[in-house]
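# A look at the structure
Listed here are the chains, written in short residue letters.
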Amino acid sequence: MRIIKKVFKFLILLLILLCIGGWMYYNHLKPSYSGEISLNNISSETTIYYDDYGIPHIYAENEIDASVALGYAHAQDRLWQMELLKRIAPGRLSEIFGETMLKNDTFFASTGIDEASEAALQGLNKNSDIYKIVEGYVNGINQFIEEGPTPIEFTLVGIEKVPFQIKDVYNIVGYMAFSFAMAQKTDPLLSNLQHKLGNEYLKELNIEVQADTQLIKTTKENIEVYTTMVASINELMEKTPIPAFEGSNSWVLNEQKTSTGKVIFANDPHIGFSQPAVWYEAHVATPTYEMYGYYLAGFPFPLLGHNRELAYGITMFENDDIDFYKEENHSSDNGKYKTSKGFLDYTTSTKTIKVKDKEDVILSVRNTIHGPIINDVINGISESSPIAMSWLYTLEENKVLDAIYTISRAKEMKEVKKGASLIHAPGLNIMYGDAKGNIAWWASAKLYKHKENVNTKFILDGTTIKMDSIRYLDFNENPMAENPSWNYVYSANNQPDSIAGMLYPGYYLPEDRARRIVQLLEPKDNWNVTSVSKMINDVTSSVTSEVIKEFTKEMDFNSFNKNEQRAIDILQLWDGSNDEESVAPTIYNMWVYQYLKFTFMDEMGEELFNQFNLTHLAKRVVADHIKKEQSIWWDNIATSEKETRKVILAASLKEAVELLEQQHGNNIVGWTWGKVNNLEHPHPLGTVPILNKIFGFNVGPFPMNGAREVINNRGYLLNNEGIYTIKSGPSTRRIIDFSDVENSISILPTGQSGVFASKHYDDQAEMFNKGEFRKMKMNKEEIINVSTKLILKPKQ
């Protein structure tokens, strides 16, 4: 008995010690928001005030010290995020996650991002202010890596911390640039549809194919290549542990549109949801510089920012900057390929990809004058049908650091415009407003034109197109508006006006959000922060009522059963608002998916239809196509009858109601939108159930309002199951009022910190869900009153 008591006491003591050790380790992981730290590479004492949401306000004597402090602060909140981001472009995720990320690594290693980063680094002036600030930021990151606590993610996956490099900064931008692109999902799909169905079907999708357009001759083998290519790229982008940029809203109102007589600036870039969230907020102040900015992990300059003089932000331009070329091998020498000027030798590059717990993988990639051969890095694509990817980002000189430095250090509008002109890719809309009353937007990208008979929406013939026939446009030919007579500028990823005598090709989103923005802005001239904050959370569609009208005017109401009639009644009475308690959005989304499936799947086939559903085309087609009483797509080619619009739309409604009854029961009142429209912010390790249960990495799930292509945008896929897992949406909402800059407002989707032990890991999530805001503090006295204080001293 005595032995049992001793064992019991020992176990109790051991448990207590484990609890104490666990508590100490947990607190050790937390970022240091107060106290004193000695840092290398700073010349003067620097102070960081962490406010009540964990946002650092950095006060330094010079910009280099401020940059070192920013790097240190950013790393202690987001080092794991930085680690993942820097590994994507050079193909180094397999070192962490093993074979599961090998497809991603082989693809990204072949894109040329790493080589473009190296070239940009070699061209960077080591004596320039840009270089010194970037170097300071990297030094700050590395001091935290050397001396700060190791984030628990590193321990769980079993990797060591390694120093950050300036080249990593460029690679991070390269990945984000690729994530903007839609060509890799769309061009092969359209080439497939053109071959399988012909130009008449594409015309109904608003894809014009002129009679003299050069189209490559296609075989069944080519079709299989294109299908596999799209499926593979979709798969690897889905698996990438850092979210992609997807869309955005922004509008800027001049003094004629506001009640205060000062500019109001609003911006909410749409990005894939993740934990931690994409943006890191920081306020930096020196005697010569001040900026409240939003930073990507591992990037030293704010992509979004404002101060007392000006504000800038971004949306995605959605222009086409990737072209695919079908190459033709020499008949007797596979080391050569055909061009318009004769046969040339493939050039070959070799890389080694390290895989956790496995042998290294040697990657050999052929390149042509157009770009890398993606057959070499995507399994299942025939070697006899080589496809090259030509991406403007890797072809032109990379001045992205110069561009964002220039914008973030600008004193006036012309300097922001100069910075915008330096961006060649990815395509961005740079939004602008200032305290002097100026407003503007510039489409920022290096745009180009092929000959008239070349349609870049399709895979191009590499044997005939002359690369030197491409004309690059001057920046002044880009879409833009500066102080327009209509008193506001906006962007919602929609098609811009014609430029250089054409509508510039791209993968633009439908006009839904743009129409709603104009619909709200145009009649009102007394906007203030309160009304703009309500507008940025708007969940009403300006298009759904038109779609429903087209549907219901075709219907024979008495041909439907009681529940189907109730569904029609609900849709007809709907104002287009996507609130959590509304039933109409649940019916509408299911019905639209059934309409798409009943209309397009019979011709496309299931695989191509599913790929079509992943593109912007599926969003763009609905409002336009449903108006067409006569369309080649209405007939179901799988039946002997000749189906009409009326037949297809009725069948879609019946199917939608039947599925909803199976999923939610017959009581239509219970089909509320919040039950099926959900958001969870996924952490890369939150996919492992036991880790997520122990550490609570993921944030959510939450029932949500909003929908696809409303201002408060929600990115999800339509499906048969009727459960809409939100993948993307506003990555921040920020409103700057130049009548009262110090009370401008913002919000993040989860929190400022990526450290699960920090109280700022998810302290904004509920506010974000409710459409609430917090202040972006710039008044030093107010900041000090709510902040903890971290002093950084030069290391002796």
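The structure displayed is predicted, hence computed values, not measured ones.

## Looking at the overall build of the chain
Looking only at helices and strands, one finds 26 helices and 30 strands in the chain. The dimensions of the chain, computed from C-alpha atoms along their principal axes, are 85 × 80 × 70 Å. Considering only intrachain contacts with a sequence separation of at least 6, the fraction spanning at least 24 residues in the chain is 72%. As presented, the chain carries roughly 31,000 Å² of accessible surface, and 50% of it is formed by carbon and sulfur atoms. Put simply, the chain has 79 plus and 102 minus side-chain charges, and the middle of one group is 3 Å from the middle of the other.

## So, the sheet that holds strand β7 (residues 289–295)
What the eleven strands build is an open sheet, ordered β1-β30-β2-β3-β6-β7-β8-β9-β16-β17-β21; its pairing is mixed. The open sheet is flanked by β1 (35–39) and β21 (480–482), the only strands paired with a single partner. Averaged over all pairs of adjacent strands, the angle between their axes in this sheet comes to 20°, without regard to strand direction. As defined by bridge partners, strand β3 (residues 56–59) adjoins strand β6 (residues 280–286) across three bridges and the pair is classed as parallel. Bridge pairing in β6 places I58 opposite V284.

## A closer look at the nonpolar core
One finds W279, W591, L596, F600 and F612 to be the most contacted residues of the largest nonpolar core, which totals 229 residues. Here this core takes 13 residues from helix α2 (residues 63–88), the largest share from any one element. With near-sequence residues (within four places) excluded, F612 lies in contact with L189, L596, F600, M604, L617, A618 and V621. Within the second largest apolar cluster, 18 residues are counted, among which are L521, V532, I735 and I745.

## Quick notes on a nonpolar patch on the surface
On the surface, V688, I690 and I694 cluster together to form a nonpolar patch covering roughly 270 Å² of accessible area. Assignment of secondary structure puts V688 in the loop between β23 (677–681) and α24 (689–695).

## Considerations on the sheet that holds strand β10 (residues 322–326)
On the basis of which strands lie adjacent, the open sheet formed by three strands has the order β15-β10-β19 and mixed pairing. At either margin of the open sheet sits one strand with a lone partner, and together these are β15 (387–391) and β19 (460–461). As judged from the five bridges shared by β10 and β15, these two strands associate in the antiparallel manner. Note that in β15 the partner of D323 across the bridge is S390.

## Here we look at the packing of aromatic side chains
Applying the stated criterion across every chain, the model contains 37 aromatic pairs. For the ring pair F695 and F697, a centre distance of 5.3 Å and an interplane angle of 25° mean the geometry is stacked. F697 gets classed as buried once you look at its relative accessible area, which sits at 0%. Pairwise contacts between aromatic rings join Y201, F551, W574, Y588, W591, Y593, Y595, F600, F609, F612, W633 and W634 into one cluster.

## Quick notes on empty space enclosed by the protein
Evaluation of the coordinates by the stated rule reveals ten cavities of 30 Å³ or more. Lining the largest cavity are 20 residues, with D512, T544, Y588, R708 and E709 positioned closest to its centre. Elements that contribute at least two residues to the lining of the largest cavity include exactly α17 (544–552), α19 (584–604) and α21 (616–625). With four residues, the top contributor of residues to the lining of the largest cavity is α21. Residues belonging to the lining of the largest cavity are distributed by class as follows: eleven nonpolar, four polar and five charged.

## Some points on the packing of α19 against α21
Contact geometry of α19 with α21 gives a least axis separation of 11 Å together with a crossing angle of 85°. As far as their axial angle goes, α21 and α19 are roughly perpendicular. On the side of α19, the interface is formed by V592, Y595, L596, T599 and F600, while α21 contributes A618, V621, V622 and H625. Broken down by class, the residue content of the contact of α19 with α21 amounts to seven nonpolar, two polar and no charged.

## Points about the environment of K627
Tracing the backbone through its elements, the reader meets K627 in the loop between α21 and α22 (645–664). Relative accessible area serves as the criterion here: at 45%, K627 is assigned to the partly exposed category. Along the chain, K627 and P243 lie 384 residues apart, while their C-alpha atoms are 35 Å from each other. If sequence neighbours within four positions are ignored, K627 has contacts with E546, E550 and R645.

## Concerning the pattern of salt bridges
Within this structure, the stated rule accounts for 33 salt bridges. Salt-bridge contacts for D624 lead to K628; the nearest nitrogen and oxygen are separated by 3.4 Å. Counted as one network, the salt bridges with shared partners bring together E83, K86, R87, R92 and E95.

## A closer look at the layout of surface pockets
Approximately 1,200 Å³ is the volume found for the second largest pocket. N206, K457, Q495, L503 and P505 are the residues nearest the centre of the second largest pocket, which is lined by 42 residues in total. For the lining of the second largest pocket, the secondary structure elements donating two or more residues are α9 (183–197), β18 (448–449), α15 (512–521) and α21. A per-class count over the lining of the second largest pocket returns 17 nonpolar, eleven polar and 14 charged.

## Considering the pairing of strand β2 (residues 46–50)
Here is the key point about a regular strand: its side chains alternate between the two faces of the sheet. Within β2, five of the five residues are buried, which leaves the element mostly enclosed by the surrounding structure. Side-chain alternation along β2 places T46, I48 and Y50 on one buried face and T47 and Y49 on a second face that is also buried.

## As for the side chain of T286
Of note, T286 is situated in strand β6. Setting aside anything within four residues of it in sequence, one finds T286 in contact with A60, N62, E63 and A66.

## A word on unusual backbone geometry
Residue P426 is reached from A425 by a cis peptide bond, and omega for that bond is 0°. Tracing the sequence through the fold places P426 in the loop between α14 (413–421) and β16 (428–434). Here the residue pair G700 and P701 is connected by a cis peptide bond, since its omega of 5° sits within 30 degrees of zero. In this model, N483 sits at a positive phi of 45°, which is unusual for a non-glycine residue. Here N483 shows up in the loop between β21 and β22 (488–491). With phi around 75°, N487 is a residue other than glycine that occupies positive phi space. Following the sequence through the fold, N487 ends up in the loop between β21 and β22. Residue N487 is classed as partly exposed on the basis of its relative accessible area, which comes to 21%.

## A short note on the pairing of strand β27 (residues 733–737)
Of all five residues that make up β27, five are buried, and the element is covered over most of its length. Two strands pair when backbone bridges link them, and strand β5 (residues 264–272) and β27 are joined in this way by four bridges, in the antiparallel orientation. Residue pairing in the sheet places N267 in a bridge with R734 of β27. As paired strands, β27 and strand β28 (residues 745–747) are joined by three bridges and run antiparallel to one another.

## Quick look at the packing of α17 against helix α18 (residues 562–573)
α18 packs onto α17 with a crossing angle of 140° between their chain directions and a minimal axis gap of 9 Å. One finds that α17 runs oblique with respect to α18. Once α17 is placed against α18, the crossing between them reads as left-handed. Here I548, F551 and T552 of α17 lie close against α18, whose contacting residues are I568, L571 and Q572. Residue composition of the contact of α17 with α18, grouped by class: four nonpolar, two polar and no charged.

The rules behind these values
- Sequence positions are assigned chain by chain, starting from 1 and proceeding in written order.
- Two thresholds apply to this predicted model, a pLDDT of at least 70 for residue-level local features and 80 or more for giving and counting side-chain atom pairs, whereas whole-chain, interface and lining totals are computed over all residues.
- The side-chain numbers reported here are obtained from all heavy atoms of the structure, hydrogens and water having been left aside.
- Helix and strand labels come from DSSP, where a helix needs a run of H or I of at least four residues and a strand needs a run of E of at least two; each type is numbered from the N terminus.
- Throughout, a contact is declared for two residues whenever any of their heavy atoms are within 4.5 Å.
- Here the accessible surface of atoms and residues is derived via Shrake-Rupley with a 1.4 Å probe, and residues count as covered only by protein chains that are part of the display.
- Under the counting rule used here, the positive set is Lys and Arg, the negative set is Asp and Glu, and His together with the chain ends is not counted.
- Note on charges: their place is set at NZ of Lys, CZ of Arg, CG of Asp or CD of Glu.
- Two strands qualify as a pair provided that DSSP identifies no fewer than 2 bridges between them.
- Axis lines are fitted through C-alpha atoms, for helices just across the contact stretch, and the angle between N-to-C directions can take any value from 0 to 180 degrees.
- What is meant by a nonpolar core is a set of buried Ala, Val, Leu, Ile, Met, Phe, Trp, Tyr and Cys residues, joined one to another through side-chain atoms within 4.5 Å.
- For each residue, the accessible area found with a 1.4 Å probe, counting protein chains only, is set against the maximum for its type, and the residue is called buried under 20%, exposed over 50%, and partly exposed in between.
- Patch definition: residues above 30% relative accessible area lacking any salt bridge, with like charges linked at up to 9 Å and the nonpolar side chains Val, Leu, Ile, Met, Phe, Trp and Tyr linked at up to 5 Å.
- Here, a salt bridge means any side-chain nitrogen of Lys or Arg that lies within 4 Å of a carboxyl oxygen of Asp or Glu.
- In summary, the pairing rule links any two rings of Phe, Tyr or Trp, Trp by its six-membered ring, whose centres are within 6.5 Å, and it sorts them by plane angle into stacked for under 30 degrees, edge-to-face for over 60 and tilted for everything else.
- Using a 1 Å grid laid over the protein atoms alone, points where a 1.4 Å probe fits but cannot get out form a cavity; open sets with protein on both sides within 12 Å along at least 5 of 7 lines form a pocket; any residue with an atom within 4 Å of a point counts as lining.
- Grid points are joined across faces, edges and corners, and a volume is the space filled by probe spheres set on the points.
- Here the nonpolar group is Ala, Val, Leu, Ile, Met, Phe, Trp, Tyr, Cys and Pro; Asp, Glu, Lys and Arg are the charged ones; every other residue, Gly included, is treated as polar.
- Any angle from 65 to 115 degrees is called roughly perpendicular, while one under 35 is roughly parallel, one over 145 is roughly antiparallel, and all others are oblique.
- Each crossing is labelled by how the near helix is turned from the far one, with a counterclockwise turn of less than a right angle marking it left-handed and a clockwise turn marking it right-handed.

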